[in-house]
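Inside the fold
What follows is each chain in one-letter form.
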Amino acid sequence: MRATWMAAHLAVPGVPRWARIAAYAVPFTVLPASLWRIAAVTFHLPISHGDPGRGEVPAWLPMEVYVVLLSVFSEVVAFAAVGLIAGWGEVFPRWVPWLRGRRVPPPAAVVPAALGAGVLTYMWTLVAFYVVRGQDVDGRTLAADFPLNVHDWKGLLAIAAYAPLLLWGPLMAALTVAYWRRRVRRA
């Protein structure tokens, strides 16, 4: 188990120290929001204002389950950043059928990583911009019990949990550029 963990996280030669730190930091930019969502919505801890509502979640899917699935999915996607510094981002792992052991073409990693970095940067910057203005992304005034606010400790806790998400996109962008430069230089 330890060897598998180390292999998944071990940086390949030529990865700068800052890139290793950034890659390992990416999942931790997502973790506080994931933990806050699970605590507030799944375990119903009194750390949030109002009812979380249903949003666009289908009626057949319990909100508690949806939040856990969303949080796990977010962490898995964030962990993909480690692939930009690790061996499994340069050579397909054994468990990938038909591709195992073959080199990962740089565009196969760079294009999704760059698109993800752009979308994440745009999305979380837009959300922060509107929340600071007291509006949702459609321009409507936020409800008085909106979770992200500066009126009490619950709102500040929510802000502290979601603020690190602002770093996710820029960190991915920097890692993507470093990956591209390293792989193209080596080719």
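Every chain is numbered independently, its residues counted from 1 as its sequence is written. Totals for whole chains, interfaces and linings use every residue, but because this is a predicted model, local features are given only for residues with pLDDT of at least 70 and side-chain atom pairs only at 80 or more, for both listing and counting. Calculation of side-chain values draws on the structure's entire complement of heavy atoms; hydrogens and water are dropped beforehand.

1. Examining the environment of Leu-120
A run of H or I in DSSP counts as a helix once it spans at least four residues, and a run of E counts as a strand once it spans at least two, with each numbered from the N terminus. Locating Leu-120 in the fold gives a position in helix H4 (residues 106–133). When its relative accessible area of 13% is taken as the criterion, Leu-120 is described as buried. Along the sequence, Leu-120 and Gly-101 sit 19 residues apart, while their C-alpha atoms lie 31 Å from each other. The criterion used for residue contact is that any of the two residues' heavy atoms lie within 4.5 Å. For Leu-120, the contacting residues outside a window of four places in its chain are Trp-168 and Gly-169. Buried means the residue's accessible area, taken with a 1.4 Å probe over protein chains only, is under 20% of the maximum for its type, while exposed means over 50%, and partly exposed covers the values in between.

2. Concerning the environment of Ala-23
The topology assignment puts Ala-23 in helix H2 (residues 17–42). Under the relative-accessibility criterion, Ala-23 is labelled buried at 0%. Spatially, the C-alpha atom of Ala-23 lies 5.0 Å from that of Val-82, the residues being 59 residues apart in sequence. Setting aside residues up to four positions removed in sequence, Ala-23 forms contacts with Ala-81, Val-82, Ile-85 and Leu-175.

3. Looking at the packing of aromatic side chains
Only Phe, Tyr and Trp rings take part, Trp by its six-membered ring, and two of them pair if their centres are within 6.5 Å. Stacked means planes under 30 degrees apart, edge-to-face means over 60, and tilted covers everything else. Throughout the structure, instances matching the rule amount to four aromatic pairs. Aromatic side chains Phe-79 and Trp-88 sit 5.7 Å apart centroid to centroid with 15 degrees between the ring planes, which places their arrangement in the stacked category. Note on Trp-88: relative accessible area 28%, which makes it partly exposed. On the numbers, 6.3 Å between centres and 50 degrees between planes, the contact of Trp-124 with Tyr-162 is tilted.

Remember that the coordinates give geometry; whether it matters functionally is a separate question.
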